[in-house]
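Topology and contacts: notes
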Amino acid sequence: MTIRIILPLLLTALALPARADSYALPKNPAFEEECASCHIAYPPQMLHADSWREMMGGLSRHFGSDASLDEKRRSAITDFLVAHSGGRKTGDTRDARGKPLLRITETARFNRKHVEIDAATWKRASIKSPANCTACHAQAAAGDYNERSIRIPK
Ligand code: HEC
Ligand code: HEC
């Protein structure tokens, strides 16, 4: 192969990990209506399919809230989340007892991306919870977690 063939191939290979990191929100009206009222629409790509199935099977006890839906909506949103789920890319997907993790903020991938943030920072009044992505990622509601739009509030 000549350099003119090899170089573009190399550049394509280098660009792949960046694309795999995209959390652009796939369009889905039911998901936007039902899953973005109490918090932002979390990207389906950030949890394993098993985690979404488990969560969608227990919406009446959803992190201390009742997020129940009628069966038609519940199963349509479950199908959507599973179709766009992150699979093994999310890192560890089960807890020590083998149960699927229900929080993005407990996945290995999340923790790897946030190692530099200490416990005191997570608890600041301006942040409150690691689940409050928008506190630091200004464009999180649009599925944009790019480093350029990160600002940690005081
Ligand atoms: C009635 C309010 C309410 C609705 C509706 C709701 N949630 Fe939640 N959700 C919560 C609360 C409260 C938490 C916990 C937030 C925290 O720990 O700060 C949460 C947490 C989560 C988390 C975990 C965040 C983390 O820590 O990684 C996911 C994922 C999630 N919700 C998905 C959904 C999906 C999918 C739907 C739609 C089917 C939905 N939520 C609808 C209230 C709601
Ligand atoms: C206290 C502020 C803070 C909160 C809250 C927070 N993050 Fe982050 N996040 C950061 C910082 C800082 C980085 C950049 C780390 C680095 O550059 O090494 C980051 C990086 C990321 C990245 C990697 C971005 C990239 O381009 O590689 C993703 C994805 C991400 N966060 C998702 C989330 C999600 C999802 C939530 C909510 C469930 C969240 N973050 C909550 C501060 C925060």
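Just so we're clear, the structure is a prediction, and the values are computed from it rather than from any experiment. (Residues numbered from 1 in each chain as written. Chains lettered and ligands numbered in written order. Predicted model: local features only at pLDDT ≥ 70, side-chain atom pairs only at ≥ 80, totals over all residues. Heavy atoms only, no water.)

Notes on the overall build of the chain
Note the following rule: A run of H or I in DSSP becomes a helix once it reaches four residues, and a run of E becomes a strand once it reaches two; helices and strands are each numbered from the N terminus. Summary of the burial criterion: residues with accessible area below 20% of their type's maximum are buried, those above 50% are exposed, and those between are partly exposed, where the area comes from a 1.4 Å probe applied to protein chains only. When checking whether two residues touch, look at their non-hydrogen atoms; a contact exists if any pair is within 4.5 Å. Where accessible areas are quoted, they stem from the Shrake-Rupley method and a 1.4 Å probe; at the residue level, only the protein chains shown are allowed to cover.
For the chain, the helix and strand inventory stands at six helices and zero strands. Here the chain holds 154 residues, and the buried ones make up 34% of them. Of the contacts made within the chain by residues no fewer than 6 positions apart, 52% connect residues no fewer than 24 positions apart. When the accessible surface of the chain is totalled, it reaches about 10200 Å², and 56% of it is carbon and sulfur.

Side note on the site of ligand 2
Quick reminder of the rule: Nearness is defined per residue: one heavy atom within 4 Å of the molecule or strand is enough. By the criterion applied in these results, polar contacts are pairs of N or O atoms within 3.5 Å in which, for protein atoms, one can donate a hydrogen and the other can accept it, and in which residues neighboring in sequence qualify only through two side-chain atoms. Cavity means a closed set of points on a 1 Å grid over the protein atoms alone, one where a 1.4 Å probe fits but cannot get out, pocket means an open set with protein on both sides within 12 Å along at least 5 of 7 lines, and lining means a residue has an atom within 4 Å of a point. Pocket occupancy is defined atom-wise: a molecule lies in a cavity or pocket when more than half of its atoms are within 2 Å of its grid points. Amino acids are sorted into nonpolar (Ala, Val, Leu, Ile, Met, Phe, Trp, Tyr, Cys and Pro), charged (Asp, Glu, Lys and Arg) and polar (every other residue, Gly among them).
Contacts to ligand 2 come from 19 residues, most closely from His 114, Pro 130, Cys 133, Cys 136 and His 137. For ligand 2, a nitrogen atom lies 2.8 Å from a polar atom in the side chain of His 114. For ligand 2, an oxygen atom lies 3.5 Å from a polar atom in the side chain of Glu 116. At a threshold of 2 Å from the grid points, most atoms of ligand 2 map onto the largest pocket. Looking at the shell around ligand 2, its residues break down into twelve nonpolar, four polar and three charged.

Overview of the site of ligand 1
Taken together, the neighbourhood of ligand 1 is formed by 20 residues, with Cys 35, Cys 38, His 39, His 62 and Arg 103 sitting nearest. Separating a nitrogen atom of ligand 1 from a side-chain N or O atom of His 39 is a distance of 2.8 Å. A distance of 2.6 Å separates an oxygen atom of ligand 1 from a polar side-chain atom of Arg 103. Only helix H2 (29-35) and helix H3 (49-56) provide two or more residues apiece to the shell around ligand 1. When residues of the shell around ligand 1 are assigned to their parent elements, the largest contribution, three residues, is made by H3.

A closer look at the nonpolar core
So the rule is basically this: We define a nonpolar core as any set of buried Ala, Val, Leu, Ile, Met, Phe, Trp, Tyr and Cys residues linked to one another through side-chain atoms lying within 4.5 Å.
Phe 31, Ile 77, Leu 81 and Tyr 145 are the most contacted members of the largest nonpolar core, which totals 27 residues. Mapped onto this core, the elements with two or more residues apiece are H2, H3 and helix H4 (71-83). Here Tyr 145 is in contact with Tyr 23, Ile 40, Pro 43, Met 46, Cys 133, His 137, Ala 140 and Ile 150, once residues within four sequence places are set aside.

Comments concerning the confidence of the model for the chain
Atom-level detail of predicted coordinates should not be read off regions where pLDDT is low. To be explicit about the condition: Scored from 0 to 100, pLDDT reflects the predictor's confidence in each residue.
On average, the chain scores 89 in pLDDT, and the residues at 70 or more come to 86%. Summarising per-element confidence for the chain, the mean pLDDT is lowest in helix H1 (residues 3-20) (51) and highest in H4 (98). Of the regions scoring below 50 in pLDDT, residues 14-20 engages in one contact with residues more than four places distant in sequence or in other chains.

Re the side chain of His 114
Here His 114 shows up in the loop between helix H5 (108-113) and helix H6 (119-122). Given the relative accessible area of 17%, His 114 is considered buried. Apart from the residues lying within four places of it in its own chain, the contact partners of His 114 are Trp 122 and His 137.

A short note on the coordination of the iron atom of ligand 1
Tetrahedral coordination by four donors places them ideally at 109.5 degrees to one another around the metal; octahedral coordination by six donors ideally gives 90 or 180 degrees. Basically, it comes down to this: Nitrogen, oxygen and sulfur within 2.8 Å of a metal are treated as its donors, or within 3.2 Å for sodium, potassium and calcium (Na, K, Ca); water is not counted, so a site can appear incomplete. Site shape is set this way: if four donors have all angles between 85 and 135 degrees, tetrahedral; if opposite donors are over 155 degrees apart and all others between 65 and 115, square planar for four donors and octahedral for six; otherwise irregular.
Donor atoms from the polypeptide that bind the iron atom of ligand 1 are His 39 (NE2) and His 62 (NE2), placed at 2.0 Å. Considering all six donor atoms around the iron atom of ligand 1, the spread of angles at the metal, 87 to 179°, places the coordination shape in the octahedral class. Highlighted residues: His 39 in the loop between H2 and H3 and His 62 in the loop between H3 and H4, separated in sequence by 23 residues. On the basis of relative accessibility, which here comes to 15%, the residue His 62 falls in the buried class.

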